[in-house]
Structures are given as C-alpha cells and as structure tokens.
Amino acid sequence: MRQREGHMSRNTRKRRIGDQSERVGIFARLKANRAVIVIAVLVVATLGWAAIANKRSATIVSTITAPPGTPPPMPANAPAREYVYAGSALVSTVEPFRVPPNDVAVWRPSSGMFYVLNSQGQATYYQWGIATDVPAPGDYDGDGKTDFCVFRPSTGVWYIVNSSNGAVQYDTYGTSGDKPVPADYDGDGRSDVAIWRSSNLTWYIHKSSDGGYASSAFGNSGDVATPGDFDGDGRSDTAVWRNSTAAFWVLKSSNGQTISYSIGQSGDEPVVGDYDGDGKADYAVRRPSNGIWLTFNSSNGSVSTNQWGLSSDIAVPARYTDTEDTDAKTDIAVWRPSTGVWYILRSSNGNPRYVAWGMNGDIPVPAAWRR
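Overview of the structure. Everything numeric in this text was worked out from a predicted model, so none of it was measured.

Some points on the packing of aromatic side chains
Logical step 1: In this structure the tally under the stated criterion is 20 aromatic pairs.
Logical step 2: With a centroid separation of 4.7 Å and 10° between ring planes, the pair formed by Tyr126 and Phe148 is classed as stacked. You can see Tyr126 sitting in strand β5 (residues 123-127) and its partner Phe148 sitting in strand β7 (residues 148-152), a full 22 residues away along the chain. Residues Tyr126 and Phe148 agree in their burial class; the two are buried.
Logical step 3: Measuring from ring centre to ring centre gives 5.4 Å for Phe248 and Tyr283, while their planes differ by 35°; the resulting arrangement is tilted. On the criterion of sequence distance, the pair formed by Phe248 in strand β16 (residues 247-251) and Tyr283 in the loop between β18 (269-270) and β19 (284-287) is long-range, its members being 35 residues apart. The residues Phe248 and Tyr283 share a single accessibility class, namely buried.
Logical step 4: Each member of the aromatic cluster is reached from another via a ring pair, and the members are Trp107, Phe114, Tyr126, Trp128, Phe148 and Trp369.

And the structure:
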C-alpha cells in the first residue's frame, strides 16, 4: 500500500508539474500575443501620425491656423542693455550664436520694444524708440550683427545702438516724409545711414567708409525704394519698383548704368531677395490678391512661381534657418498680423515652417540680429 501510495504521489506530482508547465506555456503565449498586439498598435499609430504630418505639410498656408504668439512684456525695472531669455533663465548676452542668418523679430510701436526670436528658441528684448519712430535696423558697426536702430522723422535723427560695444550713435540725417533705406552702399561691410526723399526723388547717403555724403536723383513719383546688390559687386545699388509699369529700375554701383526689368503687373508689391543664393539680389514681386510670388533668378534667368500667404499678410522674405534649412537662399515668407504667426517656405526642401511671434500692431523686422 505504501508503495502504491508513493507511486500515486509521484504520478500526482508529475501531473501537477505538467499542469504548471502548461499554464506557464499558456501565459507565455498570451504575453507574446500581447506584445505582438502592442507592436501592431504602435505601428498603426506611427503610420497614422506620419500620414497626418505629411498631409499637414502639403496644406496651403492660407488654410492653416496656428496659435497666436505674444512676446511677454519686459520687466519694468529691466536694465537698459541686451539680455537673452532662455526659458525661465536670464542670461547676459556675451557671444553671438554660431548661426548667422535672419531671426524673426518685431518692433512694437506702443512700447518701443524690439522682440527677437532666434532659430534656437531664445528671445532677446530691447526697448528703443517711441511710437512715432520708424524702425531702421542695420549693421552700422560692421560686426556682423544687426544693430537696434530707429529713425525719428520729426527731428531727422537716427538712434543707433552698436551691438559691438553697446555705445549709442546719433546721426541727424533726413526729415519728415523721408523713407529710411539703410544698406551698404560703399562696400565697407557696414550699413550706411540713407534716405529716399520722394518729394524730390533723390537718394541721400551718409557713407560709413569716410563720413562723406552722396546724393543722386533716381526714381519717379509713386515709386517704391528697393535697394539691393543686383550686380553682385558687394555694394548695394539704388533701385525702385515702378507700379505703373510693373518694372524695377536699378542704378548699378559697378558701372553707373541704369537697367530695368519688367515682372508681374500693376498692383504687385516688390519682395527683393537672393532667392537662388548666387550672391545677387533677384527681382521679385508678390501679388496680394492671390498670394502669387514671381521671382527672376539671376543665376539662370528663369522665373519661379509660388503661391504663399493671404492678401492681409505682410511679406517678410529673408534668409531664415533651422535644422531643415541651412542654405544661403532667401525664403519666401509672410507674417500674419491677425495671429502673429510667421509662415516660412523653406528654400532647401519646400517644407513649411510656422513660428508664432508678435501681435497685431507690431512691425516685423527680420534681420541677422544674432542674439
């Protein structure tokens, strides 16, 4: 009997062990099936999000809504110098960032505040000017960074803060009704204080190279000043856009010759920039009624057509960069006052980029601030 009981006990133990093994196997299979199901769900979700992302990338800018961006107010007791706000940390500006192209930026007339946002998401705020001033940023000290500057039409004074040392520079040049057109007309690597006076159709330039003055009569009544380096000699040319004939007129600094180029139609607005990256300014216009951009590429003589933006948008073409766009070409871009959103069409791959920065009433001033 004891042998039989022992034998039965051993058989029972074997069955129990077998049952346990079977249960372990079942649990293992269930876990494996769960893992497969989880992986399948993740794959489907990933593909779904990718499809949505691709669909968004292909959406025309006029149908996209983005959250409004309002830079926070500067503290009332903030010191009168440049600071960079990186998240919640306040860091003094010491060295320029390694990426030199244009940053998105606005100037707020109500407070005289410049708000600059670089491609790394760091913001610089600087209070300079009053509501009746006209922002006139440029690299007046030649350090490769744009300087905060405003032109006061009531007195004809330019107020410039040199980014190289923080010194304030004053230049009385111009009067009410003049349009500030700062650019490097003498090729010394610094922006020159300059105005275009529509009342007598004359350009007045205060040269930074030698402190001398130059003037030239160029343009017709109703023209829009569009200075740029159209001949690629390293000096900005005096130029205008003539709406009545839909043509650009340029006085070339390289040889003093006058040339013209017809593009677009009456009602278009000039949006000059180096869209093909060959170092020369290209003739370009934007048609507010339908968002069409026409660009004459100086590198090969072709004309490019793009549709971007709404009629109420403000054209802000510039060389913007981020991880997707590192070329030297001007990007087609608009700023939407109603939402404060920047819509940038990357020149490198044609993908859109959206940046919420600014509010209604601001004046967009994209430039190589390098803050």
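Side note on the pattern of salt bridges
Pairs can form between side chains of opposite charge once their charged atoms are near each other.
Logical step 1: Under the definition given, this model contains 13 salt bridges.
Logical step 2: The partner of Lys207 in a salt bridge is Asp210, with the nearest N and O atoms 3.7 Å apart.
Logical step 3: Given the relative accessible area of 54%, Asp210 is considered exposed.
Logical step 4: Among the salt bridges present, the one from Arg242 reaches Asp223, with a minimum N-O distance of 2.9 Å. In this pair, Arg242 sits in strand β15 (residues 238-242) while Asp223 sits in the loop between β13 (213-217) and β14 (224-225), placing the two residues 19 residues apart along the sequence.

Regarding the nonpolar core
Logical step 1: Formed by 16 residues in total, the largest nonpolar core has its most connected members in Val104, Tyr320, Trp342 and Trp357.
Logical step 2: Among the secondary structure elements, those contributing two or more residues to this core are β3 (104-108), β4 (113-117), β5, β23 (332-336) and β24 (341-345).
Logical step 3: Among the elements that make up this core, the one with the highest residue count is β4 (three residues).
Logical step 4: Apart from residues lying up to four places away in sequence, Val104 is in contact with Tyr115, Val116, Leu117, Tyr320, Trp342, Ile344, Val355 and Trp357.
Logical step 5: Counting residues in each nonpolar core, the second largest holds 14 residues, with Val116, Val157, Val365 and Trp369 among its members.

Observations regarding the sheet that holds strand β21 (residues 303-307)
Logical step 1: An order of β18-β19-β20-β21 is seen for the four strands of this open sheet, with the pairing classed as antiparallel. Of all the strands in the sheet, just β18 and β21 have a single pairing partner and so form its edges.
Logical step 2: Relative to β21, strand β20 (residues 292-296) runs antiparallel, the two being bridged by five bridges. Across the sheet, residue Trp293 finds its bridge partner in β21, namely Asn306.

What counts as what
- The residue count restarts for each chain, going from 1 along the sequence in the order it is written.
- Selection of residues for local features in this predicted model requires a pLDDT of at least 70, selection of side-chain atom pairs for listing and counting requires 80 or more, and totals for whole chains, interfaces and linings are taken over all residues.
- Think of the side-chain values as coming from all heavy atoms in the structure, minus any hydrogens and water.
- In summary, the pairing rule links any two rings of Phe, Tyr or Trp, Trp by its six-membered ring, whose centres are within 6.5 Å, and it sorts them by plane angle into stacked for under 30 degrees, edge-to-face for over 60 and tilted for everything else.
- The helix count covers DSSP runs of H or I at least four residues long, the strand count covers runs of E at least two residues long, and both are numbered beginning at the N terminus.
- Three labels apply to residues, based on accessible area from a 1.4 Å probe with only protein chains included: buried if under 20% of the type maximum, exposed if over 50%, partly exposed otherwise in between.
- A side-chain nitrogen of Lys or Arg and a carboxyl oxygen of Asp or Glu constitute a salt bridge if their distance falls within 4 Å.
- Only buried residues count toward a nonpolar core, which is a set of Ala, Val, Leu, Ile, Met, Phe, Trp, Tyr and Cys residues joined through side-chain atoms within 4.5 Å.
- Contact between two residues is taken to exist if any of their heavy atoms lie within 4.5 Å; hydrogens are not considered.
- Strands qualify as paired when DSSP identifies two bridges or more between them.

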